[in-house]
Amino acid sequence: MHAYGPPPAYAQAVLRIIDARTGEPLEAAPARRGLTRVEAHASGLDPTALRVLLVADLLVRALELGGTPVFALLTGDREKPELRAAARTLGIRPFEDGGDLGSGLGEAQVLHVTAEGGATPGGVLVAVAPVESPTAVADLSDPGALRLALLSHARDLPVRLDADALDEARRTLAHWRGSVADWARRPSRPVPDEVRGQLRAAWEDDLNVPEVLEVLRRVESWPGLPDGARFETYAYADRLLGLELTRDIGSLA
């Protein structure tokens, strides 16, 4: 990353998703400002089902950040109320019930998000690798740490959700929230265009959230960058991540 200064301009990125049916990348929203339907297929209250909903939530957030209207649905036949409650705890925004909804919304694109090997109707298929966990039900006692642990891996790679992974996520999240609260006391500065471009290039590249997290790590120690710009960068990225990075503002003595 260059030293802080007047950053270069960057081209507006377009969200591209790998279609698991074909293995080819395509535009998630091919029609500018056209409605996109994101349909999450998840049943049962298990960590993999929660990861499916989290990936769908990220997809909705990324599309909305790009100005695309989104209609989000949840389709499943088991433990749907329990799954919805766990999703709320994890910071996943509500999905409409897709059980009785057919096509005909006038959407320009339909994106189906499901666990690897899951069957869905026609449309773009976004496959999510399984979560390996010592327990059949995810530990929701620290939802921020759980969310970060799941976000730290590309969605096509399995996640081992053990105590070590959750402890590492818990430490990272506490550190970032404390840093953001400290930076918030400094004069605000805009997100450098170079950094904004790196963040968007990461998440527009098949929802490469691990790279978004790497950008934040680089920004934390970028020489010469005002703390107010670090704060705005983390707040901007959190619109996608949903980690409540600004939660501790005002709590420092």
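A.B. asks: Before we go on, may I ask you to explain the layout of surface pockets in this structure?
C.D. replies: It is a probe the size of a water molecule, rolled over the atoms, that shows where empty space is left. In this model, the second largest pocket occupies a volume close to 160 Å³. Lining of the second largest pocket is provided by L148, A149, S152, H153, R160, D164, A165, E168, A169, T172 and R217. Ranked by the residues each element gives to the lining of the second largest pocket, the list is headed by helix α4 (residues 163-183), at 5 residues.

A.B. asks: Honestly, the confidence of the model for the protein chain in this entry has me stumped. Any pointers?
C.D. replies: This prediction gives the protein chain a mean pLDDT of 89; 91% of its residues lie at or above 70. Scored below 50 in pLDDT, residues 1-11 shows 22 contacts in the model against residues more than four places distant or in partner chains.

A.B. asks: Sorry, what's going on with the pairing of strand β4 (residues 70-75) here?
C.D. replies: Side-chain direction in a regular strand flips from residue to residue, so the side chains alternate between the two faces of the sheet. Relative to β4, strand β3 (residues 36-41) runs parallel, the two being bridged by 6 bridges. Among the inter-strand pairings, H41 is bridged to a residue of β4, identified as T75. Running through helix α1 (residues 47-65), the crossover from β3 to the neighbouring parallel element β4 is right-handed. In terms of strand pairing, β4 meets strand β5 (residues 96-97) through 2 bridges, oriented parallel. Across the sheet, the residue bridging to L73 is E96, located in β5. Each parallel crossover has a hand, and the one from β4 via helix α2 (residues 80-89) to β5 is right-handed.

A.B. asks: In this structure, what is going on with empty space enclosed by the protein? I would like to understand it.
C.D. replies: Per the counting criterion, the structure on display carries 1 cavity of 30 Å³ or more. Of the volumes computed, that of the largest cavity is approximately 100 Å³. Lining the largest cavity, in full, are R51, L54, V55, L58, L150, L151, H153, A154, R155, L207, V209 and P210. For the lining of the largest cavity, the secondary structure elements donating two or more residues are α1, α3 (143-151) and α6 (209-220). Across the lining of the largest cavity, the residue classes tally to 9 nonpolar, 1 polar and 2 charged.

A.B. asks: Help me understand the sheet that holds β5 in this model?
C.D. replies: Across a sheet, paired strands are connected by hydrogen bonds in the backbone, their directions being either parallel or antiparallel. Read from one edge of the open sheet, 5 strands run β5-β4-β3-β6-β7, paired in parallel fashion. With one partner strand each, in any of the chains shown, β5 and β7 (124-128) form the two edges of the open sheet. Direction of pairing for β3 relative to strand β6 (residues 109-115): parallel, over a ladder of 6 bridges. When the bridges of β6 are listed, T36 appears paired with Q109.

A.B. asks: Would you take a moment to explain the packing of aromatic side chains for this structure?
C.D. replies: Describing an aromatic ring pair means giving the distance of the ring centres and the angle of the ring planes. Per the stated rule, a full pass over the model turns up 3 aromatic pairs. Ring geometry for W176 and Y234: centres 5.6 Å apart, planes at 85°, overall edge-to-face. Highlighted residues: W176 in helix α4 and Y234 in helix α7 (residues 227-241), separated in sequence by 58 residues. The class of Y234 is buried, set by a relative accessible area of 0%.

A.B. asks: What is the right way to look at the environment of E220 in this model?
C.D. replies: Residue position: E220 is located in helix α6. Judged by its relative accessible area of 24%, E220 falls in the partly exposed class. Non-local contacts of E220, meaning those with residues more than four positions away in its chain, are made with H175, W176, S179, W183, R230 and Y234. A distance of 2.4 Å separates the side chain of E220 from the side chain of H175, its partner in a polar contact.

Cut-offs applied
- Residues numbered from 1 in each chain as written.
- Predicted model: local features only at pLDDT ≥ 70, side-chain atom pairs only at ≥ 80, totals over all residues.
- Heavy atoms only, no water.
- 1 Å grid on protein atoms, 1.4 Å probe; cavity = no way out; pocket = protein on both sides within 12 Å on 5 of 7 lines; lining within 4 Å.
- Points joined across faces, edges and corners; volume = space filled by probe spheres on them.
- Helix = DSSP H or I, 4+ residues; strand = E, 2+ residues; numbered from the N terminus.
- pLDDT = per-residue confidence, 0-100.
- Contact = heavy atoms within 4.5 Å.
- Pairing = 2+ DSSP bridges.
- Right-handed = clockwise from strand over helix to strand, strands pointing away.
- Nonpolar A, V, L, I, M, F, W, Y, C, P; charged D, E, K, R; others polar.
- Phe/Tyr/Trp six-rings, centres within 6.5 Å; stacked < 30°, edge-to-face > 60°.
- Buried < 20%, exposed > 50% of the residue type's maximum accessible area, 1.4 Å probe, protein only.
- Polar contact = N/O pair within 3.5 Å; in protein donor to acceptor, adjacent residues only side chain to side chain.

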